[in-house]
Amino acid sequence: DEAAQDAAEDTKAACAIGVDPMIYARYVTLRSAARQDTDFRTCSYCHKGSAEKMKRCARCNRVVYCSRECQKAAWRAHKQTCIPVEGYNQS
């Protein structure tokens, strides 16, 4: 089926550039959603869905959280990959 074929192609592409296939799959998903200007409705920390507007990381603007508590709990791990957006000024 088409989903299996896409997964196989993603795995092949990830291996070709030396990236973990799971990380590459997540990148492809995020890239696709960004291109479609999708509003993420799943918390990056607890993975709970929400119909409410999510809170974005103010520094990178890439990840979303359902609450301040989840954002604080995730910060230790997230800060390793958090790349500030242009114009971000930590005061």
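Before reading on, note that the structure itself is shown above.
Residues numbered from 1 in each chain as written. Predicted model: local features only at pLDDT ≥ 70, side-chain atom pairs only at ≥ 80, totals over all residues. Heavy atoms only, no water.

## Side note on the environment of Val64
Move 1: Its location among the elements puts Val64 in strand 2 (residues 64-65).
Move 2: Through-space distance from the C-alpha of Val64 to that of Arg41 is 8.0 Å; in sequence the pair is 23 residues apart. (Helix = DSSP H or I, 4+ residues; strand = E, 2+ residues; numbered from the N terminus.)

## Details of the nonpolar core
Move 1: Residues Cys43, Met54, Cys57, Cys60, Val63, Val64, Tyr65, Cys70, Ala74 and Cys82 constitute the largest nonpolar core, which totals ten residues.
Move 2: At the level of elements, strand 2 and helix 3 (68-78) are the ones that each hand at least two residues to this core.
Move 3: Leaving out residues up to four positions away in the same chain, Cys43 has contacts with Lys48, Met54, Val64, Tyr65, Cys66 and Cys70. (Core = buried A, V, L, I, M, F, W, Y, C linked by side-chain atoms within 4.5 Å. Buried < 20%, exposed > 50% of the residue type's maximum accessible area, 1.4 Å probe, protein only. Contact = heavy atoms within 4.5 Å.)

## Focus: the environment of Ala13
Move 1: Inspection of the secondary structure assignment puts Ala13 in helix 1 (residues 2-17).
Move 2: We classify Ala13 as partly exposed; its relative accessible area is 26%.
Move 3: Considering only alpha carbons, one finds Ala13 and Tyr24, eleven residues apart in sequence, at a separation of 8.4 Å.

## Structural notes on the side chain of Ser67
Move 1: For Ser67, the position within the fold is in the loop between strand 2 and helix 3.
Move 2: A polar contact of 3.1 Å, which involves the side chain of Ser67, links it to the backbone nitrogen of Cys70. (Polar contact = N/O pair within 3.5 Å; in protein donor to acceptor, adjacent residues only side chain to side chain.)

## Looking at helix 3
Move 1: Every buried residue belonging to helix 3 is among Cys70, Gln71, Ala74 and His78, and all of these are buried. The buried residues of helix 3 occupy one face: seen down the axis, they fall within an arc of 90 degrees. Turned more than 90 degrees from where helix 3 packs its buried face, Arg68, Glu69, Lys72 and Arg76 sit exposed.
Move 2: Buried residues along helix 3 sit against strand 1 (55-56) and strand 2. (Arc of directions from axis to C-beta.)

## Quick look at unusual backbone geometry
Move 1: Backbone geometry places His47, a non-glycine residue, at a positive phi of 65 degrees.
Move 2: Within the element layout of this structure, His47 appears in the loop between helix 2 (21-35) and strand 1.
Move 3: We classify His47 as exposed; its relative accessible area is 59%.
Move 4: Of note, the phi angle at Asn61 is positive, near 65 degrees, even though the residue is not glycine.
Move 5: Tracing the chain through its elements places Asn61 in the loop between strand 1 and strand 2.

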